[in-house]
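# Architecture at a glance
Here is how the chains run, residue by residue.
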Amino acid sequence: MSLNDGARMDRQSLEGHRRILGIVFIVMNALTLLVALGFGAFGLAMGQFGMQHASADERTLVTAVLVGVTGCFFLMGLPGIITGIGLLKRRPWSRTLALVMGVLALPNVPLGTALGIYTIWFYTQVGSDQVFE
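Residues numbered from 1 in each chain as written. Predicted model: local features only at pLDDT ≥ 70, side-chain atom pairs only at ≥ 80, totals over all residues. Heavy atoms only, no water.

This paragraph deals with the environment of V131. Along the chain, V131 turns up in the segment after helix 4 (111–124). Its relative accessible area of 0% is what places V131 among the buried residues. Spatially, the C-alpha atoms of V131 and R91 are 9.9 Å apart, while their sequence positions differ by 40 residues. Other than its neighbours up to four places away in sequence, V131 contacts R11, L14, E15, R18, R90 and F122. (Helix = DSSP H or I, 4+ residues; strand = E, 2+ residues; numbered from the N terminus. Buried < 20%, exposed > 50% of the residue type's maximum accessible area, 1.4 Å probe, protein only. Contact = heavy atoms within 4.5 Å.)

If you want it as structure tokens, here you go:
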């Protein structure tokens, strides 16, 4: 086994980690989008069945809050899915976006913390920048 074989195995390993990282970004952020859809559906049902006797101002306020919260969940989930797709397709811009999204995920205990740590670990590996070439 030569030195080049060891470098190739490391690159293959890093390729696998890049792929896993992309999949995890997509799955975790797809779950965020599912929460957004669930919250939106709950709000719609509440508006249809639970607000029949409310005034127009109250309905407007509840609708605005529900749309705002649902929109925030979508805004949190979409960049992560885009990051995951970029990682899977080896797009150079996904390196920076994944590192930023990984750091931003750290406070989201426990899954976001695990994703953030895994992302940071991946980018501290020698040669991790070469898997995007």
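Structure shown, so let's carry the discussion forward.
Taken as a whole, this structure holds three aromatic pairs when the rule is applied. The interplanar angle of 10° and the centroid separation of 5.9 Å between the aromatic rings of Y118 and W121 together place this pair among those described as stacked. Here the residue Y118 and the residue W121 both occupy positions in helix 4, the gap between them amounting to three residues, near one helical turn. Overall, the relative accessible area of 35% leaves W121 in the partly exposed class. Where F122 meets Y123, the ring centres are 5.1 Å apart and the plane angle is 75°; that geometry is what we call edge-to-face. Here F122 falls in the buried class, since its relative accessible area comes to 0%. Judged by relative accessible area, Y123 falls into the buried class, the value being 14%. (Phe/Tyr/Trp six-rings, centres within 6.5 Å; stacked < 30°, edge-to-face > 60°.)

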